[in-house]
Amino acid sequence: MIGNDIILALSVRSVRLHFLRSVLAALGIVIGVVAIASIGMMGANMTLSVTEQLSDMANKLTVTPYTGGGGGMMMGGGGGGRVVISSGSSSDDDDVITEKQFKTIQRIVAKYGTAYTVRSESDRIEVGSDTGRATIYGLDPEIMREILTVEEGEYPKSTTSVAVGPTLAERLNLKIGSKLKIGDPDEGSTTTVRVVGILEERGMSMDLSTDMAIVGSDKLFVGIYGGEGEYDQVNVVVNDINNADVVKTAIEDELNRKEDTVTVQDSSRMMESITSSLSTMTTFVMAIAAISLLVAAVSIFNVMMMSVNERVREIGILRSIGTQRTEILRMFIYEAGILGLVGAIIGAVMSIIIGYIVVVGMVGTAEYFFAAGSISYVPMAMAVGAAICIVTGVYPAWRASNLDPIEALRAE
Amino acid sequence: MSIPVIELDDVTKVYPLPAGDVTALSGISIRIDEGEFVAIMGPSGSGKSTLLNQIGCLDRPTSGDLFLAGKNTREMDDRELTSLRLSSIGYIFQKFNLIPLLSAYENVEYPYIMKHRKNDDTGRVRDLLALVGIDESLSTHKPNELSGGQQQRVAIARALVNDPAILLCDEPTGNLDSQTGTQIMEALSELHKKGRTIVMVTHESEIAAYAERTIVIRDGRVA
Ligand SMILES: Nc1ncnc2c1ncn2[C@@H]1O[C@H](COP(=O)(O)OP(=O)(O)OP(=O)(O)O)[C@@H](O)[C@H]1O
Ligand SMILES: [Mg+2]
């Protein structure tokens with residue numbers, strides 16, 4: 001029995017008759033859809049997970065001494081793979097934030113949130129026989145409790161105790177109670193401190209990058225490096241995210257009135273630049289993936305032309321017994337559409353599987369995999385794949401529908 | 001006097017070829033009335049198939065007019081001519097020309113579905129297949145699983161399914177042995193007796209003998 005839409009039935013039968021050829025043509029579409037969808041999803045997941053991390057610090061401003069370079073310093077190497085960390089600012093140059101400047105900042109911020117000082121220095125460290133470099137932060141112990149979380153152990157209180165970041169602890173195999181030496185013996189004295197706490201992972205951040213750093217009290221820091229009343233950085237936490245801009249402008253207006261003395265940085269610039277470079281990268285890779293769809297389109301075109309050429313006589317018969325041109329057109333568009341649809345559906349299923357693997361492998365988390373911004377690449381790639389098939393099928397179908405019935409009937 | 005079913009008025013068909021124009025028909029005027037059984041005879045290449053293709057609206061005359069049931073086909077577009085082929089003309093070819101993807105039953109049902117936009121629920125397809133001697137088990141066969149005679153019977157059933165006013169046959173027995181040919185001719189005679197207008201091209205006089213009237217074509221002219 002044949003359905004009411006006999007034209008569709010003919011298309012289906014033609015596809016089935018040339019099963020292998022159809023499968024191969026559809027396979028091209030499958031590959032194209034999978035490539036586009038999984039790359040798109042990977043990009044979306046990267047962007048989502050980075051934005052999520054970054055938005056945690058959207059209410060934070062950092063004030064650093066003006067260095068003339070336009071404030072290029074960002075993220076103190078938080079995600080770097082080496083123990084060596086170069087802090088954005090170091091106290092061996094003259095650029096510091098003075099106590100007076102800090103008081104001014106505090107006064108401005110008072111209405112909107114809080115400000116605290118950060119001292120930091122990159123120095124040589126020694127654990128047993130291992131040596132390396134790390135950033136040492138000096139923070140007010142009160143502040144430390146507010147902004148950092150200790151995963152294991154406790155907050156350092158004395159001038160001989162420190163907390164260490166989780167990555168550093170792992171690299172140097174530091175435990176609670178481990179001893180470590182700070183400072184280069186060739187250049188002067190070293191200070192031995194005891195690890196009393198291991199910090200929780202904090203990830204990429206621009207205010208403090210503690211994952212690979214050592215955090216001690218400001219007394220400990222001043223004891224080693226001096227610099228009473230001088231700070232490397234002032235961090236501002238704004239209570240209402242919407243005030244971040246106001247605070248930034250107010251600080252700049254006040255402290256940079258005569259000449260530039262500080263750089264105020266908010267996370268929005270960094271966020272924008274990261275997400276835009278991520279999306280540029282994703283778009284670029286997706287464009288490469290789109291080439292595979294183009295190749296698929298060529299193979300669909302080829303199959304459709306073959307199908308039309310093989311069926312010239314059949315087209316002649318159909319036309320001679322009263323099949324309209326538009327119906328012949330429809331028949332071949334359907335055929336291309338079936339190939340596209342089958343390819344797109346298989347491609348969609350496979351891109352969910354392969355995309356998941358790629359996302360877990362490249363982004364490290366599938367947390368955002370089913371978010372609308374990510375999973376929507378599947379229907380999008382499907383639509384593109386199916387549409388390409390249909391568009392590619394238009395010319396062969398048009399050719400078929402315009403065959404002269406008599407000429408077509410003469411074909412062998 | 002009633003309007004003729006088919007009327008050709010000074011029909012000429014010229015095929016423009018690079019090597020020079022071929023005039024397949026020149027100045028043909030014929031009228032065929034309702035219920036007639038007309039045979040068109042003539043030597044090979046004389047223009048018989050070309051003439052039948054004009055009548056069957058598969059082709060358009062280079063000049064001259066073709067009237068079907070009084071309507072000038074020159075004024076019709078491809079869409080109208082196609083629906084004329086679907087509803088008013090039944091075509092039977094020498095090479096059977098069944099649709100290879102469809103079974104015998106479906107081949108007969110195809111023009112019905114095209115016309116009525118639904119499956120045949122009236123039993124007409126089954127009845128027609130029975131009329132031409134194709135039983136139920138054969139009707140599920142694909143054309144390549146049928147003999148030449150069986151294919152031609154299916155083709156006749158297909159030509160009749162939309163109850164066309166005109167039945168056109170281009171050498172319907174040309175690819176069949178004489179015994180099968182006789183059976184096909186008897187089936188056609190039967191249809192003629194029931195009042196169907198039939199125009200048949202043949203070059204065999206025994207076949208032409210089934211018709212009431214014979215038109216002889218020579219070099220594209222009525223001889
Ligand atoms: N499509 C075409 N292009 C060019 N010339 C054609 C075409 N169709 C037919 N002709 C020419 O027109 C003439 C008539 O051909 P037609 O097929 O009508 O002959 P016929 O009487 O049916 O012959 P036969 O008995 O062999 O079938 C021939 O000379 C043929 O070569
Ligand atoms: Mg002929």
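Residues numbered from 1 in each chain as written. Chains lettered and ligands numbered in written order. Predicted model: local features only at pLDDT ≥ 70, side-chain atom pairs only at ≥ 80, totals over all residues. Heavy atoms only, no water.

Looking at an unreviewed UniProt entry, chain B carries the name ABC transporter ATP-binding protein, with the source organism given as Methanoculleus sediminis.

Going by what an unreviewed UniProt entry lists, chain A is known as Multidrug ABC transporter substrate-binding protein and is assigned to Methanoculleus sediminis. As stated in UniProt under Sequence similarities (unreviewed entry), the record for chain A gives "Belongs to the ABC-4 integral membrane protein family." (UniProt positions renumbered as here; feature names shortened; annotations may be inferred.)

Draft legend 1. Representation of the UniProt feature "domain: ABC3 transporter permease C-terminal" (unreviewed entry) in chain A within the structure. UniProt's feature table lists "domain: ABC3 transporter permease C-terminal" (unreviewed entry) at residues 287-405 of chain A, given in the numbering used throughout. As annotated, residues 287-405 of chain A has a helix share of 86% and a strand share of 0%, and its two end C-alpha atoms lie 43 Å apart. (Helix = DSSP H or I, 4+ residues; strand = E, 2+ residues; numbered from the N terminus.)

Draft legend 2. Structural view of the UniProt feature "domain: ABC transporter" (unreviewed entry) in chain B. Per the UniProt record, "domain: ABC transporter" (unreviewed entry) is annotated on residues 6-223 of chain B. A distance of 19 Å separates the end C-alpha atoms of residues 6-223 of chain B, which is 33% helix and 26% strand.

Draft legend 3. The interface of chain B and chain A, seen in detail. On the side of chain A, 29 residues touch chain B, which itself brings 29 residues to the contact. The junction of chain B with chain A conceals about 2600 Å² of combined surface from both sides, 58% of it contributed by carbon and sulfur atoms. When the buried surface of chain B facing chain A is broken down by residue, L58, L101 and Y110 of chain B rank first, second and third, together holding 23% of it. Where chain B meets chain A, there are four salt bridges. (Contact = heavy atoms within 4.5 Å. Buried area = accessible area lost by both parts, 1.4 Å probe. Salt bridge = Lys/Arg side-chain N within 4 Å of Asp/Glu carboxyl O.)

Draft legend 4. Molecular detail of the sheet that holds strand 4 (residues 63-68) of chain B. Pairing is antiparallel in the open sheet, where four strands are placed in the order 2-1-4-5 (chain B). Both edges of this open sheet fall to strand 2 (22-32) and strand 5 (71-72) of chain B, since each of them pairs with a single strand only. (Pairing = 2+ DSSP bridges.)

Draft legend 5. Molecular detail of the site of ligand 1. Not every one of the 14 residues close to ligand 1 is listed here, only the nearest: R410 of chain A together with S44, K48, S49 and T50 of chain B. With respect to ligand 1, the chains having nearby residues are chains A and B. Between ligand 1 and K48 of chain B there is a distance of 2.7 Å, counted from an oxygen atom to a side-chain nitrogen or oxygen. In this structure, S49 of chain B approaches ligand 1 through a side-chain N or O atom, which is 2.8 Å from an oxygen atom. A total of 630 Å² of accessible area belongs to ligand 1 in isolation, and the protein chains cover 72% of it. If you tally residues by element for the shell around ligand 1, the top one is helix 1 (residues 48-55) of chain B, at three residues. Of the residues assigned to the shell around ligand 1, the class counts are four nonpolar, six polar and four charged. (Near = heavy atom within 4 Å. Polar contact = N/O pair within 3.5 Å; in protein donor to acceptor, adjacent residues only side chain to side chain. Areas by Shrake-Rupley, 256 points an atom, 1.4 Å probe, with all protein chains shown as cover. Nonpolar A, V, L, I, M, F, W, Y, C, P; charged D, E, K, R; others polar.)

Draft legend 6. Expanded view of the domain arrangement of chain A. Here chain A is partitioned into domain 1 (4-53 + 276-410) and domain 2 (67-260). Computed from C-alpha coordinates alone, the two centres of domain 1 of chain A and domain 2 of chain A are separated by 55 Å. (Domains from an automatic or database assignment.)

Draft legend 7. Molecular detail of the sheet that holds strand 7 (residues 166-170) of chain B. Residues and elements named next belong to chain B. Pairing is mixed across the open sheet formed by six strands, whose spatial order is 6-7-8-3-9-10. With partners counted over all chains shown, the strands left at the sheet margins are strand 6 (89-92) and strand 10 (221-222), one partner each. Of the pairings in the sheet, the one linking strand 7 to strand 8 (residues 197-201) comprises five bridges and is parallel in character. Within strand 8, the residue paired with C169 across the bridge is M200.

Draft legend 8. The arrangement of unusual backbone geometry in detail. Residue and element names in this part refer to chain B. Phi at A69 takes a positive value of approximately 50°, unusual for a residue other than glycine. When you line up the elements, A69 lands in the loop between strand 4 and strand 5. The phi dihedral of N97 falls on the positive side, at around 55°, and the residue is not glycine. For N97, the position within the fold is in the loop between strand 6 and helix 3 (104-116).

Draft legend 9. Quick peek at the packing of aromatic side chains. All names here are of chain A. Overall, the coordinates contain seven aromatic pairs over all chains when judged by the stated rule. Judged by centre distance (6.1 Å) and plane angle (20°), the ring pair of F301 and Y395 falls under stacked. One end of the pair, F301, is in helix 8 (residues 267-310); the other, Y395, is in helix 12 (residues 377-401), and 94 residues separate them in sequence. Three or more aromatic residues link up through ring pairs in this structure, and these residues are F301, Y395 and W398. (Phe/Tyr/Trp six-rings, centres within 6.5 Å; stacked < 30°, edge-to-face > 60°.)

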